[in-house]
Every structure is written in C-alpha cells, then in structure tokens.
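In case you want the letters, here they are:
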Amino acid sequence: MTLEGKINELNERRQKVMMGGGDKAIEKQKAMGKMTARERIDLLLDANSFHEYDMFVEHDARDFEMDKKKLPGDGVVTGAGTVNGAPVAVFAQDFTVAGGSLGIMHAKKITKIMDYALKMRIPLIGINDSGGARIQEGVNSLYGYGEIFFRNTLASGIIPQISVILGPCAGGAVYSPALTDFVFVVDGVSKMFITGPEVIKTVLGEEITMEDLGGARIHSEVSGNAHFFAKNEEECFAMIRRLLTFIPWNNTVKAMTLEPAEPKNEYDIEKIVSDDPSLPYDVRDVIRAVADNSDFLEIQELYARNLVIGFGRMRGQTVGFVANQPNEMAGVLDVDSSDKAARFIRFCDAFNIPIITLVDVPGYLPGIDQEHAGVIRHGAKILYSYSEATVPKITVIIRKAYGGGYIAMASRHLRADFVFAWPTAEIAVMGPEGAANIIFRKEISSSENPEETRKQMVNDYKKKFANPYVAAAKGYIDAVIEPNETRSMILHALEITANKHISMPSKKHGIPPF
Ligand code: HXC
C-alpha cells in the first residue's frame, strides 16, 4: 500500500472510533440532553488543544458473545490538552459504547492516563457517564475499579483531581469521584448512587426515582458528595475552567497569579455587619469586601450553608476562605459544616494555599440529633485539619467566638499565624445568656425580681467578657482592628508569612477522626 493509502486507512480507522456507538446511540444520548464524550472534551479544553491517546484500544472479552462485539475505544476517550493554557489529563466515558461500562481495557486506558497525570504532575479530570462494571467481564471489571481507586488515593494531595458526573455513576464506580478533590454535577443529568432504584425496590420494597435517590440536587444539598452544581453541561465546563484558575497544577507550584485588583466599592465592609449582634448578615459580602476584585468562587454553595468555603485572591494570589455564615443557623458548627470545612482546609494545605478564616460562631450545635450523628467525631475534624495545616493561617474574628467554636475556627491555639479581632468581637466560653444563667443561678433564683436580676447579670457578663480585650490582654489575638483595616492587615499577614517554614514531628501519618 502506498503512503497515501495507509494515511487513508488511518483516517478511516480514526473515523470509525470517533463515531463511538454509532448514530442511533448518539441520538439516544442527545435525547437525554447529554453531549458525546468528545464534544464534552472539546468544550472543556482550550480549542484544538486535545490530543487523544489509545484510541485503537480494543476489549478482549470472550464470554457472553463479547467476541462478536466491537466497542470503539472500549467506551472511554483519554488524552491530554490544556485549560487556560495549562496542561491537564482527561478521560471521558462514552455512554454510546456499551453504556460506558467499565471492562478491563477501558479501565487500563483510565489507569494509564492517571499514571501519566501523576508522573507529569498535572491535574486529572474524569468525566463519568457509565453503567458501572461491565457485567460480561465479571471480576476483571472489579479489578479495574480497584486499580483506579488505588491511583486516586496515590495521587491525592499531589495533583488536583476533578470528577464530572454527566450521566449514571452507579455502584462501586462512585468511589472514584468520592476519592477526588472536586465533584461537579449537572441538573437532570447526573445520577450517582451505590444501589439503584431497582435494587432498593427488591430489597426494601421502596419506590424511589433515580433523581430523588442520587440526582444533582440531592448530592449538592443533602449528601454533600458534590461540590459544584451546574444548570447544564456548558455551565459545568465553564465552572471547571474557572476553578482551574484558582488551583495549582500540583503540590509544588503556585496557582496562576492575576493582576492585583482592589475590591469593588459596592462592598462597604463597615455596613455589612450590623451593630446588633443578634442580626444576621451574609459573610460572603465580607469576603467580597476583602478579596481582589470582590471575586469569590464558592465551593459546596448549597450544602451545610452555615459555613462558607471557597477561593479568592489577595494581591493576585489564590487564598482559601473559611467563614461561619450568620445568615444560616446563626453560623453554628455542626456535623456537615465540620466535614465541609475540614476537607477544604486539607486541600488548601496540600496545595500550599493560605487559609483566611472569618469567625462569627456561637459554638457547636447542641441537641440529641447532632450528638447521635457524631458531632464529637466530625467536629474534631476541623480541629485536626487546622492543627496539622502548615500553610499561612490568618484569622479574623468578626463577632462571636464562643467556646469550642472559638478554638476550632483557626484560633491562636491551633497555631494561626495571625489572629485579628474587630472591636465587635465577643470571645468567651459561651454566650452571655447561658453563662449568666449558670454562674449567677443562685443570685437570680433568690432575687425578688429574678428577671431583672438576670438581665443585669447578663449585662455585667457582657461588659466583662463579651469583647476582644480580655483575649487581647493575654496575647491570644495579635491586634484589634477596624473593619476597614481588614484587607490591609490580611495583605500584611500574607506578606509576612510568604516564606513561612515550620516542621512538624516526623511520623508516617496521623490518624484524623475520619
Ligand atoms: C454492560 C451495560 C452496562 C453494564 C449498561 N450497559 N450498563 N453493559 N455492563 N454495567 C449497556 C446496555 O446493555 C445497553 O447496551 C447500553 O449499555 C445502554 O444501556 P441502557 O440500559 O439501554 O441505557 P439506559 O436506559 O439509559 O440505562 C442506563 C442504566 C442501565 C441506568 C445505567 O443501563 C443500568 O441499570 N445498567 C446497569 C447498572 C448496573 O447495575 N451496573 C453494575 C453496577 S455494579 P445495548 O447493547 O443494548 O446498547 C458495579 C460494581 C462496581 O458497578 C464495584 C466497584 C467496586
């Protein structure tokens, strides 16, 4: 055959693979409101930057008449390209080919691109759209998943790993996304569950739809398995591209630096927080009042809303924000918000992103539900993650910092590098009402006018303890600052901590309260 003939043959072969499961299957995919694997990659990556690897890989299964089945690319597209000009490795399962099910060669394509991402120290993005383990390939499929989970764990903390759920992600397959750093879901498209509606009906006799069981909203609002919720696939890809501007390629380099920019004038920090400590406010406005260009990328926006996490920039460099949200349950800490904070703190620490903590917390949420749900164990995760984090830790106490909440929210005692407090800060063992009721119980009950006495005792307690000066007198905070000074003090702290170096006691690893 001439070179021209061989080139034609190559192009024909390429064309066949690019057709995935064929016109009918692609039509079905579109009817479900989904793009094809290659369309997704093209939209996610910079234009014309994607290079596909292993497109001619074929399955070698024989049972259940698999020897008669051609599965182009074995149902997954893998390769590398760029996002915002920076390299990324990617795999996208192709549901049009055997439902994107995972057989051994499919798994080997994924593990090969995972190995490549880790070796090249570049982020890995996995697009999941699959019926799970390829039933005909039996235990070989399970081997494949195991190999993927192992690599997810190995790469954790070295390269960022992003999972995008754009179809079913069923059975044990869900554990790969769960081991990655950020999970993106799309309304009406993503379905994630361990056991599907059929199994639930058989075993438990309960009827439930896939959407109610593990749709995008459920994982964004209830389970907390998802970090970003998008209306459609286009919006989802734009969100991933934006996230990648904030995070570094790997744990040895910094995220891209943008031109420094002042916050927008519309966020007047003195007007956001009310003088009345019982009135709520949106802490995201405080973040926007200090961050460059008031730009804040919130993570898990719909989950455990009593605590806010996300990325912003200070003088062009990425920082992570962790903040109690007084707008939601008075910003109290509970099981879910502890999980949410702890995982984010560990991400920031692993990828050398300074953490700025804004505190307005009445403490941990009391009650039997929380106690039985393990608020002791989960609450301890925040203490653990802040204590072990060695990145710059800068804390600003805005209003309440009571009890365990005060300690947990990056206090000096967990080795914050800088702790600043507004004059409105109240740093105390507990709220004035509760405290006065306990320590002045006898005075109140024996008084002729208990209610009046109680009020007076609460006021006395407030005057004495509900301010930042007792903590300042002990050096637990470094400075009492005006709200207007918050940005400049954080910038100062970032400057001073830029070359922070501390060493922790050497050990194999700690045992966090998982
Ligand atoms: C082989 C599969 C498959 C699978 C789907 N297909 N899932 N082939 N193994 N797991 C094939 C179908 O046979 C069909 O092939 C094509 O993909 C499209 O599937 P449909 O059923 O027509 O699509 P749809 O109606 O959209 O339903 C999608 C679905 C359903 C909900 C995902 O296919 C489904 O329930 N699949 C099985 C899910 C499952 O139980 N997986 C195993 C989980 S156990 P044709 O040739 O007709 O086009 C597991 C263990 C992993 O994953 C443990 C790891 C630790």
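No experiment lies behind these values; they were computed from the predicted model shown.

Visitor: What is the right way to look at unusual backbone geometry in this model?
Guide: Excluding glycine, most residues fall at negative phi; most peptide bonds, likewise, are trans. A positive phi angle, close to 50°, is found at alanine 98, a residue other than glycine. Positionally, alanine 98 belongs in the loop between strand E3 (86–93) and helix H4 (104–120). In this structure, glutamine 300 is a non-glycine residue whose phi angle is positive, near 50°. Relative to the helices and strands, glutamine 300 is located in the loop between strand E9 (297–299) and strand E10 (307–314).

Visitor: Sorry, what's going on with the packing of helix H3 (residues 37–44) against helix H10 (residues 233–246) here?
Guide: Helix packing for two helices is described by the angle between their axes and how far apart those axes are. Axis separation between H3 and H10 bottoms out at 9 Å; the angle between their running directions is 45°. On the basis of their axis angle, the class for H3 and H10 is oblique. Taken as a pair, H3 and H10 cross one another with a handedness that is right-handed. For the pair H3 and H10, the contacting residues are Arg40, Leu43 and Leu44 in the first and Glu233, Glu234, Phe237, Ile240 and Arg241 in the second. Split by residue class, the contact of H3 with H10 holds 4 nonpolar, no polar and 4 charged.

Visitor: Any chance you could explain the site of the ligand here in plain terms?
Guide: Neighbouring the ligand are 18 residues, the closest being Lys28, Gly99, Gly131, Ala133 and Ile135. Contact distances for the ligand include 2.8 Å between an oxygen atom and a side-chain N or O atom of lysine 28. Interatomic distance of 3.1 Å between a backbone N/O atom of isoleucine 135 and a nitrogen atom of the ligand. When the ligand is considered free in solution it has 1,000 Å² of accessible area, and contact with the protein chains removes 55% of it.

Visitor: Looking at this structure, I do not really get helix H12 (residues 283–290). What am I missing?
Guide: Note that an α-helix has 3.6 residues per turn; residues three or four places apart therefore point the same way. Listed in full, the buried residues belonging to H12 are Val283, Val286, Ile287, Ala289 and Val290. Buried residues along H12 cover an arc of 160° about the axis, so they all sit on one side. Next to the buried residues of H12 lie helix H11 (269–272), E10, strand E11 (317–324), strand E12 (355–361), strand E13 (393–402) and helix H21 (486–496). The backbone nitrogen of arginine 284 lies 2.9 Å from a side-chain oxygen of the residue at the head of H12, namely aspartate 282.

Visitor: Got a minute to help me understand the nonpolar core in this structure?
Guide: The nonpolar side chains of a soluble globular protein tend to be buried, and buried together. Core analysis: the biggest nonpolar cluster contains 64 residues, and Phe182, Ile240, Phe311, Val322 and Ile397 have the highest contact counts within it. Among the elements that make up this core, the one with the highest residue count is H10 (6 residues). Residues contacting isoleucine 397, with those up to four places away along its chain left out, are Val359, Tyr406, Val419, Phe420, Ala421, Trp422, Ala425, Ile427 and Ile477. Core analysis: the second largest hydrophobic core is formed by 29 residues, Ile269, Met314, Leu491 and Ala493 among them.

Visitor: How do you make sense of the packing of aromatic side chains when you look at a structure like this?
Guide: Both the distance between ring centres and the angle between the ring planes are used here to describe each pair of aromatic rings. Going through the model one piece at a time under the given rule, you end up with 13 aromatic pairs. Seen from their ring centres, phenylalanine 296 and phenylalanine 321 are 6.1 Å apart, and the 85° between their planes marks the pair as edge-to-face. Of this pair, phenylalanine 296 sits in the loop between H12 and E9 while phenylalanine 321 sits in strand E11, placing them 25 residues apart in sequence. Across the pair, exposure class does not vary: phenylalanine 296 and phenylalanine 321 are buried alike. Aromatic side chains phenylalanine 418 and phenylalanine 420 sit 5.7 Å apart centroid to centroid with 25° between the ring planes, which places their arrangement in the stacked category. Taken individually, phenylalanine 418 and phenylalanine 420 each receive the classification buried, so the pair is uniform in this respect. In this structure an aromatic cluster arises from ring pairing among Phe182, Phe184, Phe228, Phe246, Phe311, Phe344, Phe347 and Phe351. The ring of phenylalanine 246 carries the charged tip of arginine 313 above its face, separated from the ring centre by 4.1 Å.

Visitor: How should the side chain of glutamate 298 be read in this particular structure?
Guide: By the element assignment, glutamate 298 lies in strand E9. Among the polar contacts made by the side chain of glutamate 298, one reaches the side chain of arginine 284 at a distance of 3.0 Å.

Visitor: What is the right way to look at a nonpolar patch on the surface in this model?
Guide: A grouping of Val429, Met430, Ile438 and Ile439 is seen on the molecular surface, where their side chains present a nonpolar patch of about 380 Å² in accessible area. Counting through the fold element by element, valine 429 comes out in the loop between strand E15 (426–428) and helix H17 (432–439). The exposure class assigned to valine 429 is exposed, which follows from its relative accessible area of 69%.

Visitor: Which parts of the structure should I look at to understand the state of the cysteines?
Guide: Throughout this description, disulfide means a covalent bond between two cysteine sulfur atoms. Under the defined criterion, the tally for this structure stands at 0 disulfides. Looking at the unpaired cysteine 236, the closest cysteine sulfur is the one in cysteine 169, lying at 13 Å.

Visitor: When you look at the environment of methionine 105 in this model, what are you seeing that I'm missing?
Guide: Position of methionine 105 relative to the elements: it lies in helix H4. The sequence separation of methionine 105 and alanine 178 amounts to 73 residues, and the corresponding C-alpha distance is 23 Å.

Visitor: Would you mind going over the packing of H4 against helix H5 (residues 139–155) with me for this structure?
Guide: Running from amino to carboxyl end, H4 crosses H5 at an angle of 10°, the nearest separation of the two axes being 9 Å. Overall, the two elements H4 and H5 adopt an arrangement that is roughly parallel. Between H4, through Ile104, Ala107, Lys108, Ile110, Thr111, Met114, Asp115 and Leu118, and H5, the contact on the second element is made entirely by Asn140, Tyr143, Gly144, Glu147, Ile148, Arg151, Asn152, Leu154 and Ala155. Of the residues that constitute the contact of H4 with H5, the class distribution is 9 nonpolar, 4 polar and 4 charged.

Visitor: What is the right way to look at the pairing of E11 in this model?
Guide: Put simply, side chains in a regular strand alternate between the two faces of the sheet. Burial analysis of E11 places 7 of its 8 residues in the buried class, which makes it a mostly covered element. Where E10 and E11 come together, 8 bridges link them in antiparallel fashion. Residue pairing for E11: phenylalanine 311 is matched across the bridge by glycine 320. The pairing of E11 with E12 spans 4 bridges and is parallel. Bridging from a neighbouring strand, valine 322 pairs with threonine 357 of E12. Read from E11 through helix H13 (residues 335–350) to E12, the crossover connection turns out right-handed.

Reading the values: the criteria
- Residues numbered from 1 in each chain as written.
- Predicted model: local features only at pLDDT ≥ 70, side-chain atom pairs only at ≥ 80, totals over all residues.
- Heavy atoms only, no water.
- Helix = DSSP H or I, 4+ residues; strand = E, 2+ residues; numbered from the N terminus.
- Axes fitted to C-alpha atoms, helices over the stretch in contact; angles between N-to-C directions.
- Parallel < 35°, antiparallel > 145°, perpendicular 65-115°, else oblique.
- Left-handed = near helix turned anticlockwise from the far one by under 90°.
- Contact = heavy atoms within 4.5 Å.
- Nonpolar A, V, L, I, M, F, W, Y, C, P; charged D, E, K, R; others polar.
- Near = heavy atom within 4 Å.
- Polar contact = N/O pair within 3.5 Å; in protein donor to acceptor, adjacent residues only side chain to side chain.
- Areas by Shrake-Rupley, 256 points an atom, 1.4 Å probe, with all protein chains shown as cover.
- Buried < 20%, exposed > 50% of the residue type's maximum accessible area, 1.4 Å probe, protein only.
- Arc of directions from axis to C-beta.
- Core = buried A, V, L, I, M, F, W, Y, C linked by side-chain atoms within 4.5 Å.
- Phe/Tyr/Trp six-rings, centres within 6.5 Å; stacked < 30°, edge-to-face > 60°.
- Lys NZ or Arg CZ within 6 Å of the ring centre and 35° of its normal.
- Patch = residues over 30% accessible without salt bridge, like charges linked within 9 Å, V, L, I, M, F, W, Y side chains within 5 Å.
- Salt bridge = Lys/Arg side-chain N within 4 Å of Asp/Glu carboxyl O.
- Disulfide = S-S within 2.5 Å.
- Pairing = 2+ DSSP bridges.
- Right-handed = clockwise from strand over helix to strand, strands pointing away.

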